[in-house]
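Coordinates in review
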Amino acid sequence: MTKGGLLIKNIGELVTCSGTDAKRGAGMSDLGVIRDAAVLVEDGVIRAVGKAGEIEKPGLVELDARGNAVLPGFVDAHTHFVFGGYRQEEFFWRISGRSYLDILKKGGGILSTVQATRAATAETLVEAGRRRLDGMLSFGVTTVEGKSGYGLDRDTEIKQLEAMRTLSETHPVDIAPTFLGAHAVPEEYRGKGDEYIDFILDVVLPEVAERKLCRFCDVFCEKGVFSLEQSGRLLLGAKKLGMGVKIHADEIHDTGGAGLAARLGAVSADHLLHASDGGIDEMARAGTVAVLLPNTAFCLGETYARARDMIDRGIAVALATDMNPGSCFSESIPLLFALGTMYMGMSAEEAVTAVTINAAAAVGMAESIGSIDVGKKADMVILQYPSYRYLPYRTGVSCVEKVIKNGKTVYDRSRSLVY
Ligand code: NIG
Ligand code: FE
């Protein structure tokens, strides 16, 4: 945190994304842009935002944005970045035609990462997680949601959540942890999904809640994984323990996950590649954020979620990477912008809203991050270019020059060059 003041000056285009809640429908196009702007930061918090001439305070440390664009730090609202081992062979099996769910059914996929994560020490998980967070930070991410779900037993689920707690305390990127104990049915419970849900409800969730190891509980609601009924039972239990809830919904088949998320008051439903019109309308009425994960659709060769339709029907859409060792081993924010705009019908403005204020809302943090507003955390991205419109245009390549976290420069592209 910066003690004293910092003045970010000479901002050609300040993209505030101003607000304290998710933006829906047409509201997603409103970026609250201020030209020729400056931002004043004190004690890690944004104290003033406005036209350059309006914010003057002598004696401050100055950071010159050189006429470039400044945006809120990006929020990656759906990842599985703490895991052991890799699944590079599976990637090539999928390319040559094997299906994601078929690999899981035969004990591979998520279950293969479960073996490697159970075997990994806490230190190994923390160190691998730290390197992955460094990569995210270089893309402008200042807050990331991270899920457990590669333990599927008490000890390893808690080991993953503790690794995220350690990382949140020691790495500049903030972490919103989610418990995903119902990510797959572990081998020990093969064919006994109901009993596994009982085990989570009776043994793991109460401890995780008591120790405040997560903000949310999530479930992989999918044909052959957890049914709608099992998912609902688990999430109701989590709500009783005071947790917020999320759902991996309608990713590969329409199982009614979108509607369930709406009825449960979930903060978000994620994936939604096969969500029905009815499910989408229920989400719009309930105000459930749709967290869409185009990098995963791209890697799985699936059709993209219907972002355009969802926005037009009044849903708040967020975009996230889903970074994980299987379906999408990519934390690429540039890829998100490219796919969101080129293949999902989103405008540049909507895509920016989707990785800032709407993503913050998807992790229940829109009051403190996701926009450049007085009183929020001073988390910002300075681009190498004068406009946010370069984010999709600079296809698949990062536009980030500097990242400010709590008022401090924590990434500087020019300083990462070693010649
Ligand atoms: O969001 N779909 C389920 N879970 C993750 C993938 C996890 C994995 O393959 O390891 C997802 O895509
Ligand atoms: Fe996921």
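Residues numbered from 1 in each chain as written. Chains lettered and ligands numbered in written order. Predicted model: local features only at pLDDT ≥ 70, side-chain atom pairs only at ≥ 80, totals over all residues. Heavy atoms only, no water.

Of the protein atoms, only His78 (NE2), His80 (NE2), His248 (NE2) and Asp322 (OD) coordinate the iron ion (ligand 2), at distances of 2.0 to 2.4 Å. Look at where the donors of the iron ion (ligand 2) fall in the sequence and you get H-x1-H-x167-H-x73-D. With a gap of 74 residues between them, His248 in strand S10 (residues 244-249) and Asp322 in the loop between strand S13 (317-319) and helix H12 (333-343) connect regions that are remote in the sequence. There is no split in this pair, since His248 and Asp322 are both buried. (Donors = N, O, S within 2.8 Å, 3.2 Å for Na, K, Ca; no water. Helix = DSSP H or I, 4+ residues; strand = E, 2+ residues; numbered from the N terminus. Buried < 20%, exposed > 50% of the residue type's maximum accessible area, 1.4 Å probe, protein only.)

Okay, the layout of surface pockets next. In this structure, the largest pocket encloses a volume near 310 Å³. For the lining of the largest pocket, the element with the highest residue contribution is helix H2 (residues 100-105), accounting for three residues. Grouping the constituent residues of the lining of the largest pocket by class yields seven nonpolar, five polar and five charged. (1 Å grid on protein atoms, 1.4 Å probe; cavity = no way out; pocket = protein on both sides within 12 Å on 5 of 7 lines; lining within 4 Å. Points joined across faces, edges and corners; volume = space filled by probe spheres on them. Nonpolar A, V, L, I, M, F, W, Y, C, P; charged D, E, K, R; others polar.)

There is a patch of nonpolar side chains on the surface, built from Phe91, Phe92 and Ile95 and spanning about 320 Å² of accessible area. Looking at the element boundaries, Phe91 is found in helix H1 (residues 88-95). Accessibility expressed as a relative area gives 36% for Phe91, which makes it partly exposed. (Patch = residues over 30% accessible without salt bridge, like charges linked within 9 Å, V, L, I, M, F, W, Y side chains within 5 Å. Areas by Shrake-Rupley, 256 points an atom, 1.4 Å probe, with all protein chains shown as cover. Salt bridge = Lys/Arg side-chain N within 4 Å of Asp/Glu carboxyl O.)

Further remarks concern empty space enclosed by the protein. Think of a ball as big as a water molecule: rolled over the atoms, this probe shows where empty space is left. Counted according to the given criterion, the structure contains two cavities of 30 Å³ or more. Taken together, His80, Tyr100, Ile110, Tyr150, His183, Phe220, His248, Glu251, His271, Asp322, Asn324 and Ser327 form the lining of the largest cavity. Here the residues of the lining of the largest cavity are counted per class, giving four nonpolar, six polar and two charged. In this structure, the second largest cavity spans a volume of roughly 50 Å³. As for the second largest cavity, its lining consists of Phe74, Phe139, Ile333, Pro334, Phe337, Leu391, Val397, Ser398, Cys399 and Val400. Among the elements that line the lining of the second largest cavity, the one with the most residues is H12, at three residues. Here the lining of the second largest cavity spans two domains, since at least three of its residues come from each of domain 1 (6-72 + 369-418) and domain 2 (75-362). (Domains from an automatic or database assignment.)

Taken domain by domain, the protein chain holds domain 1 (6-72 + 369-418) and domain 2 (75-362). Relative to domain 2, the C-alpha centre of domain 1 lies at a distance of 28 Å. At the interface, 35 residues of domain 1 touch 35 residues of domain 2. Contact with domain 2 buries area across many residues of domain 1, yet Arg24, Met28 and Pro392 alone supply 23% of it, more than any other trio. Where domain 1 meets domain 2, there are three salt bridges. Remark: the boundary between domain 1 and domain 2 carries 10 residue pairs in polar contact (both at pLDDT 80 or more). Counting residues per element, the side of domain 1 that touches domain 2 draws most heavily on strand S15 (residues 400-405), at four residues. Looking at the side of domain 1 that touches domain 2, its residues break down into 18 nonpolar, nine polar and eight charged. (Contact = heavy atoms within 4.5 Å. Buried area = accessible area lost by both parts, 1.4 Å probe. Polar contact = N/O pair within 3.5 Å; in protein donor to acceptor, adjacent residues only side chain to side chain.)

This part is about the site of ligand 1. For ligand 1, the set of nearby residues contains 15 residues, the closest of which are Arg87, Tyr100, Tyr150, Glu251 and Ser327. Between ligand 1 and His248, the relevant distance is 3.0 Å, taken from an oxygen atom to a side-chain nitrogen or oxygen of the residue. In the model, an oxygen atom of ligand 1 is placed 2.7 Å from a nitrogen or oxygen of the Ser327 side chain. Counting atoms within 2 Å of the grid points, the majority share of ligand 1 lands in the largest cavity. (Near = heavy atom within 4 Å. Sits in = over half its atoms within 2 Å of the grid points.)

We now examine helix H3 (residues 110-119). Among all positions of H3, only Ile110, Leu111, Thr113, Val114 and Thr117 are buried. With its buried residues spanning 150° around the axis, H3 presents them on a single face. Exposed and oriented more than 90 degrees from the buried face of H3 are Gln115 and Ala119. Next to the buried residues of H3 lie H2, helix H4 (122-138), helix H5 (154-170) and strand S9 (216-221). (Arc of directions from axis to C-beta.)

Bringing the pattern of salt bridges into the picture now. Evaluation of the coordinates by the stated rule reveals 36 salt bridges. Here Arg35 makes a salt bridge to Glu13, at a shortest N to O gap of 3.2 Å. Within this pair, whereas Arg35 is found in strand S2 (residues 33-42), its partner Glu13 is found in strand S1 (residues 5-15), the two being separated by 22 residues in sequence. In this structure Glu13 comes out as buried when scored by relative accessible area, which is 5%. With its nearest N and O atoms 3.4 Å apart, the salt bridge here joins Arg415 to Asp412. Under the relative-accessibility criterion, Asp412 is labelled buried at 11%. Through salt bridges that share partners, Asp277, Asp281, Arg306, Asp309 and Arg313 make up one connected network.

This paragraph deals with the packing of aromatic side chains. What the rule picks out here adds up to 13 aromatic pairs. With a centroid separation of 5.8 Å and an interplanar angle of 15°, the aromatic rings of Tyr304 and Tyr343 are classed as stacked. Note that Tyr304 is positioned in the loop between helix H10 (294-300) and helix H11 (307-312) and Tyr343 in helix H12, a separation of 39 residues in sequence. What makes Tyr343 exposed here is its relative accessible area of 55%. One cation-aromatic arrangement involves Arg98 over Trp93; the distance from NZ or CZ to the ring centre is 5.0 Å. (Phe/Tyr/Trp six-rings, centres within 6.5 Å; stacked < 30°, edge-to-face > 60°. Lys NZ or Arg CZ within 6 Å of the ring centre and 35° of its normal.)

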